[in-house]
Amino acid sequence: MDLFSRSWTALRTAVAELPDADFARPSGCTGWLVRDLVCHLVIDAQDVLITLVTPATSEPTRDAVTYWDIVETPTGDDPLDALIVRLAAAYEEPGLLKFHLDDVGSAAGRAAGLADPTARVGTQGQVLTAGDYLSAYVLEWTLHHLDLIAHLPDAAEPPAEGLARSRELLERIAGAAFPASFSDKDALLIGTGRRAPSEAEQAQLGEWAAKLPLVLG
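This is a predicted model, so every value here is computed, not measured.

Parameters and conventions
- Residues numbered from 1 in each chain as written.
- Predicted model: local features only at pLDDT ≥ 70, side-chain atom pairs only at ≥ 80, totals over all residues.
- Heavy atoms only, no water.
- Helix = DSSP H or I, 4+ residues; strand = E, 2+ residues; numbered from the N terminus.
- Rg over C-alpha atoms; globule rule 2.2 N^0.38 Å.
- Buried < 20%, exposed > 50% of the residue type's maximum accessible area, 1.4 Å probe, protein only.
- Contact = heavy atoms within 4.5 Å.
- Areas by Shrake-Rupley, 256 points an atom, 1.4 Å probe, with all protein chains shown as cover.
- Lys, Arg positive; Asp, Glu negative; His and termini not counted.
- Charge placed at Lys NZ, Arg CZ, Asp CG, Glu CD.
- Polar contact = N/O pair within 3.5 Å; in protein donor to acceptor, adjacent residues only side chain to side chain.
- Phe/Tyr/Trp six-rings, centres within 6.5 Å; stacked < 30°, edge-to-face > 60°.
- Core = buried A, V, L, I, M, F, W, Y, C linked by side-chain atoms within 4.5 Å.
- Salt bridge = Lys/Arg side-chain N within 4 Å of Asp/Glu carboxyl O.
- Expected span 1.5 Å × (residues − 1).
- Patch = residues over 30% accessible without salt bridge, like charges linked within 9 Å, V, L, I, M, F, W, Y side chains within 5 Å.

A. The overall build of the protein, seen in detail. Looking only at helices and strands, the protein has eight helices and two strands in total. Each helix (α) and strand (β) of the protein, taken in turn from the N terminus, gives the series α-α-α-α-β-β-α-α-α-α. The globule rule puts the C-alpha radius of gyration for 217 residues at 17 Å, and the 17 Å found for the protein is close to it. Across its three principal axes, the protein shows a C-alpha extent of roughly 45 × 45 × 35 Å. Classification of the 217 residues of the protein by burial places 47% in the buried group. Residue pairs at least 24 apart in sequence account for 70% of intrachain contacts in the protein once pairs closer than 6 positions are excluded. Roughly 10800 Å² of accessible area belongs to the protein as shown, and the carbon and sulfur atoms make up 54% of that amount. Taking the average place of the 16 positive charges on the side chains of the protein and the average place of its 32 negative ones, the gap between the two points comes to 2 Å.

Written as structure tokens, this is what we have:
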């Protein structure tokens, strides 16, 4: 629960500190500008709020690892992706988008802090404990923090403990460990296809390289 808060606070702070001009730069999400990614974070925050107030009584069907599915690489044709781009453009001024993320994002952070980690919640037809749901979102926040700063060298990095936890989750999802020589950041970027491995990294990955990238949905 605490790591969710630290990861989410760091990501929202990074957005708040961006100069307005950076919102028109590309993000690490193919086809999305930084403003599109920030708009997606607003929707993510809404999802957190909705899930935490959607109690469930049945036994959990997923945990922090099995919450994630391996999906096909996005083509950009998803209607929701197109909607996010239109919504982001409608804000016109980055300050409005920053305000909305701070408003909804702060509420999501407070709700997470008040949640009982053992309580069961429902989302996407599945049941998890609130603790597992919020743990899964550490990976979401960390990957999107990396997406946010992909082309912004002066922006703050995600918290080290969030990177380490996200690597652990990704390795458990994959059922295999990345080479010990990989930093947590590089393991996440290469593992999810956010950057291609170098020849040396490809050699260290060995046969496992053929199973990458792991596209999470």
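B. Summary view of the side chain of arginine 167. Inspection of the secondary structure assignment puts arginine 167 in helix α6 (residues 160-174). Arginine 167 sits in the buried class, given a relative accessible area of 10%. Looking at arginine 167, its side chain comes within polar contact range of the side chain of aspartate 184, at 3.1 Å. Excluding residues that lie within four positions of it along the chain, arginine 167 makes contacts with Phe178, Pro179, Ala180, Phe182, Ser183, Asp184, Ala187 and Leu188.

C. Broad picture of the packing of aromatic side chains. Applying the stated criterion across every chain yields a total of nine aromatic pairs. Linked through ring pairs, Phe4, Trp8, Tyr67, Trp68, Tyr133, Tyr137 and Trp141 together constitute an aromatic cluster.

D. The nonpolar core, seen in detail. Residues Phe4, Trp8, Val48, Tyr133 and Leu148 are the most contacted members of the largest nonpolar core, which totals 64 residues. Secondary structure elements with two or more residues in this core: α1 (2-16), α2 (34-52), α3 (79-90), α4 (94-114), α5 (130-148), α6 and α7 (184-191). Sort the elements by how many residues they give to this core and α5 lands first, with 11 residues. With sequence-adjacent residues up to four places away left out, tyrosine 133 is seen in contact with Asp47, Val48, Thr51, Leu52, Tyr67, Val121, Thr123 and Leu128.

E. Quick look at the pattern of salt bridges. Applying the stated criterion to the full structure yields 15 salt bridges. The salt bridge involving aspartate 2 is made with arginine 6; its shortest N-O contact spans 1.9 Å. Of the two residues, aspartate 2 and arginine 6 both sit in helix α1, four residues apart, roughly one turn of that helix. Linked through salt bridges whose partners overlap, the residues forming this network are Asp2, Arg6 and Glu161.

F. Spotlight on α5. Over its 19 residues, α5 runs 26 Å from end to end, which matches the ideal 27 Å to within 8%, given 1.5 Å per residue. Here α5 lies mainly inside the structure; 18 of its 19 residues are buried.

G. Inspection of a nonpolar patch on the surface at higher detail. Taken together, the side chains of Leu80, Leu83 and Leu87 make up a nonpolar region of the molecular surface, amounting to roughly 230 Å² of accessible area. Counting through the fold element by element, leucine 87 comes out in helix α3.

H. Quick look at unusual backbone geometry. Proline 213 follows leucine 212 through a cis peptide bond whose omega is 5 degrees. Of note, the phi angle at glutamate 92 is positive, near 65 degrees, even though the residue is not glycine. Tracing the backbone through its elements, the reader meets glutamate 92 in the loop between α3 and α4. Relative accessible area serves as the criterion here: at 73%, glutamate 92 is assigned to the exposed category. The backbone of glutamine 124 sits at a positive phi, close to 50 degrees, despite the residue not being glycine. When you line up the elements, glutamine 124 lands in the loop between β1 (120-123) and β2 (126-129). Taking the relative accessible area as the measure of exposure, glutamine 124 reaches 66% and is therefore exposed.

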